[in-house]
Each structure stands twice: as C-alpha cells, then as structure tokens.
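Listed below are the residues making up each chain.
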Amino acid sequence: MNIKEERPVINIEDIKAAYERIKPYIRHTPLLDAYNMKSELGCEAYMKPEMLQYVGAFKLRGALNAILSMDESKRKRGIITSSSGNHAQACAYAGQLLNIPVTVVIPEDAPAIKINNAKAMGANVILWERDYFSRLDKVKSEAAEHGYEIVHPYEDPRVMAGQGTIAIEILNDLPDVDKILVPIGGGGLISGIATASKALKPEIKIIGVQPSASPAYFNSRKEGHRVSVDPLPTVADGLACRQAGDNPYIMIEKYVDDIVTVDDEQIVDSVRLIANKAKLIAEPSSCVGPAALLYKKLSVRPDEKVVCVLTAGNWSIEDIAHLYIGDEIRKIH
C-alpha cells in the first residue's frame, strides 16, 4: 500500500474551521525569539510555549474543537477519554467551561499534578493501569454503559484539527519560518500541524521528534509500515506510545519530512537549557525539539528560522527541581 495515496483524515479547511471555533476560548500563545540560544541550537530558533495555554498544554485546542463540534444532545450526555494527563486536564477544563460532564481514565502512575488538576476541574477521574489498550477498553466499557461520547486524544480527526491551529498561529506570526519541530507521542499534534503547514506553505519542513525510549513512529517510518514497540521507562512520559496510530500515521507519512529521536539525557539537558535561557518551565516531553537541535539530530543552517513547539509544562515542581539540580530523575514506563 502506498500510504501517500490514502484519503486525508483532515484537511486545511477542517483546521481553519477549528481555528475560528476555538478562538474565543484559547490563548494565542506567543512566538518567542530564542536569540540567546543560537550558539547552542545552531539556527535562528523560536519557541512556541504552549505551557502558557489554559491548562498548561496544547491539548486544550483539540479537546475544545472536538466538544464544540458535537451536537447538543451528545454534549449533554457527557464525554470520556483516556490520557496520560494533559488531554485529561484539557477535557476537564472544557467540560467545566461548557458545563458538560467529563470522565477521564488516567494511568495510576501519571504525575500527581495532572491527576489532581483534572479532579479540581470537576472531572470524574478513573485511575487505571498504564497499558494503552487496557485503558481504551475501560473507556469503551464506560461509554457503552453511560452513553458518553469518546474523545480520543489523537485518533479523533476533530482533535487533530484542533491541534493544527498551532500552525496557523506560527505562520501568521512568522511567515518566513523554514522548519517546525514537533514532539510525537500519539501523533495527533504533528498530524494537525503538518497538514496545516504544508497547505499554507508547501516548502516548509516539518520534523517529528520522539524519545528513543518510545520510537513507534520512527521505527514505523524505517520499516515502511505501522509497527508496535515496547516503550522503555522515560522522563518524557507524555510521549510514551506503544503503536503508531491509524489516523496519525496516514497524515504523518503524507506530510512529515523527517522523524528523529533523542535520548533521555539529551531531553533533560534541553529542559535545563529552556529554563536557563528561555526562562520557561517546560515538562520533558516538551523539550525533545530543542534537544534534537542541541544534539545535532538534524541539519540546520545558522540563518534558518526554526520553531520548536513546547507542548506543555505540567510536571510537579518537586520533580522539576530534582531535574534542574541534577538528581536522579523519575522515569515512567
């Protein structure tokens, strides 16, 4: 099968519609010139700090677009999702904002801040084992029992389109951007960003970055088909992914120019760099893009304009503090 002949899951019109739909409810996050990191990163780098988004993560965009796209009867019955934490918080916030019931299934070993934030925003939180397929079965069971609408964190085209609104903001703020570096977990974020970017500026390069401990999409591209991996414990818990997703894989193979990986130690160095030079608290999953530049995982020119999407900042202050001072870091399987 030639994946490039597959019918697109989403298109630029879906993303433009999502942009208008969610615009009243989100922050247009700034694009920060990382002028003081040029020697380390080797290019004219810019940071897109989605940790400044409401709920501290980009996930709000997709969650809001999915929920606002539903008819009123489905919204009233409530929604359910499974998430390692940030999508759960986004759905909880959206539910609170729109006055709809939300249930989230979260890994029992997820960072406490993500669990507590979802609860504080009124979500019914079900703690479950980390295994993705087990959590998905629980979601389906609860949905069948209660009539909830499932909002998948990365397979749902409405979610993918919502995440793609980041690209519209980037291209509005920096029309001459050359490359965008995007973390890959489940793949919904880069699917949306790549789809919008290539439609609006075909010559742009979109680079996906995964932790080497969880390289499902990297390996899938190398093998030429979707593959599963056994993720190792990683500091980048938000990017743990056992298998390349159905819908994201189609869009990633169609539009993403390259995929690279970075090791946990490189990610940690990147987190420290972002704190020291950009003055931003970024969770490790956010920092794989700068890590790829820092450790020369891709070729860039000094005059190239490269945007790194910093996806979130929802790690506990205690864990971040240990990371900053060089203590042993808790990794999540």
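Residues numbered from 1 in each chain as written. Predicted model: local features only at pLDDT ≥ 70, side-chain atom pairs only at ≥ 80, totals over all residues. Heavy atoms only, no water.

### Concerning unusual backbone geometry
(1) Moving on: Even without a glycine there, the phi angle at Asn-99 is positive, about 60 degrees.
(2) Moving on: Inspection of the secondary structure puts Asn-99 in the loop between α5 (86–98) and β4 (102–107).
(3) Moving on: Residue class for Asn-99 comes out exposed when judged on its relative accessible area of 70%.
(4) Moving on: Despite not being glycine, Lys-279 has its phi angle at roughly 60 degrees, a positive value.
(5) Moving on: Its location among the elements puts Lys-279 in the loop between α13 (264–278) and α14 (288–294).
(6) Moving on: By relative accessible area, which is 66% here, Lys-279 ends up exposed. (Helix = DSSP H or I, 4+ residues; strand = E, 2+ residues; numbered from the N terminus. Buried < 20%, exposed > 50% of the residue type's maximum accessible area, 1.4 Å probe, protein only.)

### As for the sheet that holds strand β3 (residues 79–82)
(1) Moving on: Pairing within the open sheet is parallel, and its four strands lie in the order β5-β4-β3-β6. Of all the strands in the sheet, just β5 (124–128) and β6 (149–150) have a single pairing partner and so form its edges.
(2) Moving on: As judged from the four bridges shared by β3 and β4, these two strands associate in the parallel manner. Following the sheet pairing, Thr-81 is matched in β4 by Val-104.
(3) Moving on: Packed onto the sheet, α5 meets β3 and β4 and runs at close to 165 degrees relative to β4. (Pairing = 2+ DSSP bridges. Contact = heavy atoms within 4.5 Å. Axes fitted to C-alpha atoms, helices over the stretch in contact; angles between N-to-C directions.)

### A closer look at the environment of Asp-156
(1) Moving on: Note that Asp-156 resides in the loop between β6 and α8 (157–163).
(2) Moving on: Relative accessible area serves as the criterion here: at 8%, Asp-156 is assigned to the buried category.
(3) Moving on: Each C-alpha atom, one on Asp-156 and one on Gly-62, is 8.9 Å from the other, the two residues being 94 residues apart in sequence.
(4) Moving on: Side chain to side chain, Asp-156 and Arg-158 meet in a polar contact 2.6 Å long. (Polar contact = N/O pair within 3.5 Å; in protein donor to acceptor, adjacent residues only side chain to side chain.)

### A word on the packing of aromatic side chains
(1) Moving on: What the rule picks out here adds up to three aromatic pairs.
(2) Moving on: Taken together, the ring pairs in this structure connect Tyr-132, Phe-133 and Tyr-154 into an aromatic cluster. (Phe/Tyr/Trp six-rings, centres within 6.5 Å; stacked < 30°, edge-to-face > 60°.)

### Focus: the packing of helix α3 (residues 59–69) against α5
(1) Moving on: Axis separation between α3 and α5 bottoms out at 8 Å; the angle between their running directions is 45 degrees. When the interaxial angle is binned, α3 and α5 end up oblique. Between α3 and α5 the crossing geometry is right-handed. Across the interface between the two elements, Lys-59, Leu-60, Ala-63, Leu-64, Ile-67 and Leu-68 from α3 touch Asn-86, His-87, Ala-90, Cys-91, Tyr-93, Ala-94, Leu-97 and Leu-98 from α5. (Parallel < 35°, antiparallel > 145°, perpendicular 65-115°, else oblique. Left-handed = near helix turned anticlockwise from the far one by under 90°.)

### Some words on the side chain of Lys-179
(1) Moving on: Following the sequence through the fold, Lys-179 ends up in strand β7 (residues 179–183).
(2) Moving on: Look past the residues within four positions of Lys-179 in its chain and what remains in contact with it is Ile-204, Lys-205, Ile-207, Leu-298, Ser-299, Val-300, Glu-304, Lys-305, Val-306 and Val-307.

### A short note on the pairing of β7
(1) Moving on: The element β7 is largely enclosed, with a buried count of five among its five residues.
(2) Moving on: Alternating residues of β7 divide into Lys-179, Leu-181 and Pro-183 and Ile-180 and Val-182, and every residue in both groups is buried.
(3) Moving on: Alignment of β7 against strand β8 (residues 205–211), held across five bridges, turns out to be parallel. Paired with Leu-181 across the strands is Ile-207, a residue of β8.

### Here we look at the environment of Met-47
(1) Moving on: Within the secondary structure, Met-47 is located in strand β2 (residues 44–49).
(2) Moving on: In this structure, the C-alpha to C-alpha distance between Met-47 and Pro-290, residues 243 residues apart in sequence, is 8.9 Å.

### Some points on the pattern of salt bridges
(1) Moving on: Counted by the stated rule, this structure contains 24 salt bridges.
(2) Moving on: Arg-61 is the salt-bridge partner of Glu-50, the closest N and O atoms lying 2.9 Å from each other. Taken together, the residues Glu-50 in the loop between β2 and α3 and Arg-61 in helix α3 connect sequence positions 11 residues apart. For the pair Glu-50 and Arg-61, one class covers both residues: buried.
(3) Moving on: The partner of Glu-283 in a salt bridge is Lys-114, and the shortest N-O contact between them spans 3.2 Å. Linking Glu-283 in the loop between α13 and α14 with Lys-114 in helix α6 (residues 112–120), this pair joins segments that are 169 residues apart in sequence.
(4) Moving on: With a relative accessible area of 0%, Lys-114 lands in the buried category. (Salt bridge = Lys/Arg side-chain N within 4 Å of Asp/Glu carboxyl O.)

### Examining the nonpolar core
(1) Moving on: Within the largest apolar cluster, 41 residues are counted, with the highest numbers of intra-cluster contacts made by Val-177, Ile-180, Val-182, Ile-193, Ile-206, Tyr-217 and Val-307.
(2) Moving on: Those elements giving two or more residues to this core turn out to be α1 (12–22), α8, α9 (165–173), β7, α10 (188–200), α11 (216–223), α12 (246–255) and β10 (305–310).
(3) Moving on: Residues Leu-280, Cys-287, Val-288 and Ala-291 belong to the second largest nonpolar core, which totals 34 residues. (Core = buried A, V, L, I, M, F, W, Y, C linked by side-chain atoms within 4.5 Å.)

### Comments concerning α13
(1) Moving on: If you check α13, its first and last C-alpha atoms are 20 Å apart, about what 15 residues at 1.5 Å a residue would give, namely 21 Å.
(2) Moving on: Of all the positions in α13, only Asp-264, Gln-266, Ile-267, Val-268, Ser-270, Val-271, Leu-273, Ile-274 and Ala-275 are classed as buried.
(3) Moving on: Taken from the residues just after α13, Lys-279 is the one with a positive phi, measuring 60 degrees. (Expected span 1.5 Å × (residues − 1).)

### Re the state of the cysteines
Put plainly, two cysteines are in a disulfide when a covalent bond ties their sulfur atoms together.
(1) Moving on: By the definition in use, this model includes zero disulfides.
(2) Moving on: The structure places no disulfide on Cys-43, whose sulfur is separated from the nearest cysteine sulfur, that of Cys-308, by 6.9 Å.
(3) Moving on: Overall, the relative accessible area of 0% leaves Cys-43 in the buried class. (Disulfide = S-S within 2.5 Å.)

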